[in-house]
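# Structural description and commentary
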Amino acid sequence: MESDLHSDLREWIADHLAADWTTVTQLRMEESKRDPPEEPFRSLYTARELLSGMRAKLDACPLKELEDFTILSCFVGLEMGLNFINTEEISSGVELFEWCIKLVEGLPSKVKTASVCMQAYNQLGIIWGNRSEQQKSLEVLLKAKAVYESHIALSPPLTSTEWLEGKPVSQDKREKDFENLHTLTLFYLAQVYGNLGQAKISAQYCQNTLSRQLETREYDAIEWTLNSVTLSQYYLGLEQFAQSRHCIASATCVLQNYLSETCEGDMEDELKEKVESVGADVSRCWTKYAITLLTCSKERQEDESESTDPPRQKLFRFDTLEVADYESLVTSDLVEGYDGAKPVFQLGQKNIEISAKYYTLETFASENVKIVQDHSCLYKLLAFFETSNEVKCRMHKRRCDMLTSVLGELNPQYFTSTCQEIMFELGDIESTRADLKIITASESPSAHGIARINKLIASGIVFYERFLKTFEDPDTRQLSENIEADSLRPVLCAKLYIARLHSKVVCGDQTGQKSQLVKSLALYSWLVSYCDQHTEKADKAFADFLPICREMVELLPRKMAADLR
């Protein structure tokens, strides 16, 4: 048969190469893991010597006229190329991969050359991708895909093992190896299209890869889980909630199945750490799902125009997984009212508790803070759907407490931007609480209620001023002239919000009220002056608020004059 290895060459391989190849495989797969840190490639270098010996034996082979001999030479060259790649000698590996491709491209027996061709193309695709030559990577990976597509109707090619050991394998084994090679091609294409900014195509290749891996049961559960939740975030960004939920549910299912099949006591420390990390990341994706679903639900409710649910997208499913129980934990539809929002909030909060057990402040400070910020965001979103102002206030108080606590644990010298984010958010929280108390006081005013309002306003001002202080020039104690573009808007907004807070202070006499309005006017005037002096920067960062500031500069003096009368 055309797909079989020439019998004479098969015997020669068994007699001259098989033993060396078995040792090479053992050195690469087992011995290299035990190499000392000071000699990380010791086993691979030993394997290279054996591969060099195999190539020397090929030079003395009496069957060089056979086409199969040429293909065999390519397989040995391919393995030598992989050895160079694994020892970080990339250029030498590239030369051998390109040599293999050039050698087999002109051979008539396409069935036998498909495997070595696809492996060489895949390796070149990885290399060019790692060198940020994405277009070059795409070109060779598409060639690998074309080889597969041109052979799909033919007999599956011989495996690497057959070529290097001379032992025949079943058709099923050949087909499985061939399909796995194509799965790798699709996986690499998903990465390259992603790097080229073609997210939609990348997602399609990614889900095809994950689906094929499930069908063949050829996958690493941890890696599959990570790839599935990564895909979920793409769909979440498109607000395709059903698809995003399915990907997270599938990742949860695969991880749980893996844990149920693996005894924790049998796990090495490194693997155990990785499993815990991935589990925490899956929980974070559930939380992000809850936040995004509540955010979109809030935006729809705020939209005064008549809005409808977005059209349902055709759902891609991993049919071999049983994920109904995981998907039933949370809706994929936009929610209405507190009763609809609460279960989504609870899912997000439950997963925050899980992820925070791994990403602790002591071991993963930056990630822990992000989790706390997500928790604050969940409360903020739930408060939107709450109808009672008192309950809203308590929710925002929870946000204030958790953020104040984590802020006190951070060194601003090392976590400057994070501290800035938290300070600004705390100013916003206290301002929101003050507004809610003002509404309550207007219904039933009391001295205690007014004192509480003023205390919250003062607290908000303090947080905003702490935020602004981080942007001061240490010598002049004034705002730096070199504030980065991304930071300018929040800086100007903080000034604006402080001005608004001063105008909301409730004083018992005209003198005190005027004092607050004077402070407010000074801030509005500063904002107008700054924007007039920095027109180009201000137009980009503050154009929507500047007209309000100009209006207040004109209005407040008239208000103060009228109050005095």
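Attention in this report is confined to the structure presented alongside it. (Residues numbered from 1 in each chain as written. Predicted model: local features only at pLDDT ≥ 70, side-chain atom pairs only at ≥ 80, totals over all residues. Heavy atoms only, no water.)

### Thoughts on the packing of aromatic side chains
- Inspection of every chain in the model, using the stated rule, returns 23 aromatic pairs.
- Relative to Phe318, the ring of Phe316 lies with its centre 5.4 Å away and its plane at 85°, an arrangement referred to as edge-to-face.
- Since its relative accessible area comes to 22%, Phe316 is described here as partly exposed.
- Of the aromatic side chains, those joined through ring pairs into one cluster are Phe424, Tyr464, Phe467, Phe471 and Tyr497.
- Over the face of the ring belonging to Trp128 we find Lys136, whose NZ or CZ atom lies 4.1 Å from the ring centre. (Phe/Tyr/Trp six-rings, centres within 6.5 Å; stacked < 30°, edge-to-face > 60°. Buried < 20%, exposed > 50% of the residue type's maximum accessible area, 1.4 Å probe, protein only. Lys NZ or Arg CZ within 6 Å of the ring centre and 35° of its normal.)

### Quick word on the pattern of salt bridges
- By the definition in use, this model includes 26 salt bridges.
- A salt bridge links Lys288 to Asp374; the shortest N-O distance between them is 3.1 Å. Here Lys288 is found in helix H13 (residues 269–302), whereas its partner Asp374 is found in helix H16 (residues 365–385), with 86 residues between them in sequence.
- Classification of Lys288 by relative accessible area gives partly exposed; the value is 32%. (Salt bridge = Lys/Arg side-chain N within 4 Å of Asp/Glu carboxyl O. Helix = DSSP H or I, 4+ residues; strand = E, 2+ residues; numbered from the N terminus.)

### Topic: the side chain of Arg10
- Within the secondary structure, Arg10 sits in helix H1 (residues 7–16).
- It turns out Arg10 is buried and unbridged, and the closest side chain with the opposite charge, Glu162, is 4.4 Å from it. (Lys, Arg positive; Asp, Glu negative; His and termini not counted.)

### Some points on the packing of helix H9 (residues 171–195) against helix H10 (residues 199–216)
- Packing of H9 against H10 brings their axes to within 8 Å, and their N-to-C directions diverge by 155°. Between H9 and H10, the angle falls in the class roughly antiparallel. For H9 against H10, the interelement crossing comes out left-handed. Where H9 approaches H10, its residues Lys176, Glu179, Asn180, His182, Thr183, Leu186, Phe187, Leu189, Ala190, Tyr193 and Gly194 are matched on the opposing element by Ala199, Ile201, Ser202, Tyr205, Cys206, Asn208, Thr209, Arg212, Gln213 and Thr216.
- Per-class residue counts for the contact of H9 with H10 are 9 nonpolar, 9 polar and 3 charged. (Axes fitted to C-alpha atoms, helices over the stretch in contact; angles between N-to-C directions. Parallel < 35°, antiparallel > 145°, perpendicular 65-115°, else oblique. Left-handed = near helix turned anticlockwise from the far one by under 90°. Contact = heavy atoms within 4.5 Å. Nonpolar A, V, L, I, M, F, W, Y, C, P; charged D, E, K, R; others polar.)

### Let's talk about the environment of Ile201
- Looking at the element boundaries, Ile201 is found in helix H10.
- C-alpha of Ile201 to C-alpha of Glu299: the two residues are 98 residues apart in sequence and 29 Å apart in space.

### Overview of the nonpolar core
- Of all hydrophobic cores here, the largest spans 118 residues; its most connected members are Leu294, Leu321, Ile422, Leu426, Phe467 and Phe542.
- For this core, the element with the highest residue contribution is H13, accounting for 12 residues.
- When near neighbours in sequence (up to four residues on either side) are disregarded, Phe542 contacts Arg489, Leu492, Cys493, Leu496, Leu527, Cys531 and Cys549.
- Judged by nonpolar contacts, the second largest core, of 50 residues, contains Met54, Leu58, Phe97 and Trp128. (Core = buried A, V, L, I, M, F, W, Y, C linked by side-chain atoms within 4.5 Å.)

### Description of the state of the cysteines
- Within this structure, the stated rule accounts for 0 disulfides.
- Here Cys61 stays unpaired: no disulfide links it, and the sulfur of Cys74, its closest cysteine neighbor, is 14 Å away.
- Cys549 provides the cysteine sulfur closest to Cys531, a residue in no disulfide bond, and the two sulfurs are 6.7 Å apart.
- With a relative accessible area of 3%, Cys531 lands in the buried category. (Disulfide = S-S within 2.5 Å.)

### Points about helix H4 (residues 67–86)
- Taking 1.5 Å per residue as the helical rise, H4 with its 20 residues ought to reach 28 Å, and the 29 Å between its terminal C-alpha atoms agrees with that figure.
- The buried fraction of H4 is high, at 17 of 20 residues.
- In the stretch just after H4, Glu88 is the one whose phi turns positive, near 65°. (Expected span 1.5 Å × (residues − 1).)

### Quick word on the packing of H13 against helix H15 (residues 337–358)
- Where H13 meets H15, the closest approach of the two axes is 8 Å, and the angle between their N-to-C directions is 155°. With respect to H15, the element H13 is oriented roughly antiparallel. The interaxial crossing formed by H13 with H15 has left-handed handedness. Between H13 and H15, the contacting residues are Glu273, Glu276, Ser277, Ala280, Ser283, Arg284, Trp286, Thr287, Ala290, Leu293, Leu294 and Gln301 on the first element and Gly337, Ala341, Val344, Phe345, Leu347, Gly348, Asn351, Ile352, Ile354, Ser355 and Tyr358 on the second.
- Residue composition of the contact of H13 with H15, by class: 12 nonpolar, 8 polar and 3 charged.

### Details of the environment of Glu89
- Inspection of the secondary structure puts Glu89 in the loop between H4 and helix H5 (90–105).
- Residue class for Glu89 comes out partly exposed when judged on its relative accessible area of 26%.
- Among residues more than four places away in sequence, those in contact with Glu89 are Tyr45, Arg48 and Phe84.
- Separated by 2.9 Å, the side chains of Glu89 and Thr87 make a polar contact. (Polar contact = N/O pair within 3.5 Å; in protein donor to acceptor, adjacent residues only side chain to side chain.)

### As for the environment of Asp269
- Its location among the elements puts Asp269 in helix H13.
- Exposure remark for Asp269: the relative accessible area of 66% places this residue in the exposed category.
- Note: C-alpha distance between Asp269 and Gln135 (134 residues apart in sequence) is 39 Å.

### Some words on unusual backbone geometry
- Although it is not a glycine, Glu88 sits at a positive phi angle of roughly 65°.
- Turning to its location among the elements, Glu88 is positioned in the loop between H4 and H5.
- The phi torsion at Glu239 lies on the positive side, around 60°, for a residue other than glycine.

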